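# Reading the structure
For reference, the chains in residue letters:
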Amino acid sequence: MKTSIGDTNRLEAVFASSPENERISRVTAAAFAAVLNPTVEELSDFKTAVSEAVTNAIIHAYPEGRGEIRLTLERKKNEVTVHIRDFGVGIADIKKSMEPLYTTREDQERSGMGFTFMEAFTDHVEVESEPGRGTCVSLTKKMGGEKWNIPVR
């Protein structure tokens, strides 16, 4: 893991696309955001969005096995951004993949609501992808600190 000190705090972790690592990434993201003194609802929403993004990478990026997922967290003032990057199959049609109930894994019990939840629980979602090269999902959420007049370092 890497961190940096300054105006923006940053943490990066690289892990295998194993289901157990979804829980670890969710807890890591929550601990990183907790410094902002978020409400219970803000923290829960953020954890859910991160969980959905990491689960998508685990399930969809490497359908034939395991690969690498990179989680990068950035915190500046009262805003946290998380980037979940995989190096898997990529997404051919991002717009289509973000439609509610759309899934490429109909062989599994998947609801196709991952991106819908990410959009509902964060302030901004950005998806970049290239077939055969991977996907990066970036989620940004404002929380805590500023609205409670708590200084954030």
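Up top is the structure.
Notes on the structure in this doc start here.

### Let's talk about the nonpolar core
- Grouped together as the largest cluster of nonpolar side chains are 31 residues, with contacts concentrated most on Phe46, Leu73, Val82, Ile84 and Leu139.
- The set of elements that each furnish at least two residues to this core consists of β2 (9-16), α1 (20-34), α2 (40-61), β3 (68-76), β4 (79-86), α4 (114-121), β5 (124-130) and β6 (134-142).
- The biggest single contributor to this core is α2, with 9 residues.
- Residues within four places of Leu139 in sequence aside, it is in contact with Ala49, Val50, Ala53, Val80, Thr81, Val82, Ile84, Met118, Thr122, His124 and Val125.

### Some remarks on the pairing of β5
- With 7 bridges joining them, β5 and β6 adopt antiparallel strand pairing. For Glu128, the partnering residue across the bridge sits in β6 and is Cys136.
- Here β5 hands over to β6 after 3 residues, with Gly132 in that stretch at a positive phi of 80°.

### Here's the deal with α4
- Those residues of α4 that sit buried are Gly114, Phe115 and Met118. The buried residues of α4 all sit within an arc of 95° when viewed along its axis, so they share a single face.

### Describing the side chain of Arg75
- Positionally, Arg75 belongs in strand β3.
- The class for Arg75 is buried, based on a relative accessible area of 8%.
- A distance of 2.6 Å separates a polar atom in the side chain of Arg75 from the backbone oxygen of Phe32.

Conventions and cut-offs
- Residues numbered from 1 in each chain as written.
- Predicted model: local features only at pLDDT ≥ 70, side-chain atom pairs only at ≥ 80, totals over all residues.
- Heavy atoms only, no water.
- Core = buried A, V, L, I, M, F, W, Y, C linked by side-chain atoms within 4.5 Å.
- Buried < 20%, exposed > 50% of the residue type's maximum accessible area, 1.4 Å probe, protein only.
- Helix = DSSP H or I, 4+ residues; strand = E, 2+ residues; numbered from the N terminus.
- Contact = heavy atoms within 4.5 Å.
- Pairing = 2+ DSSP bridges.
- Arc of directions from axis to C-beta.
- Polar contact = N/O pair within 3.5 Å; in protein donor to acceptor, adjacent residues only side chain to side chain.

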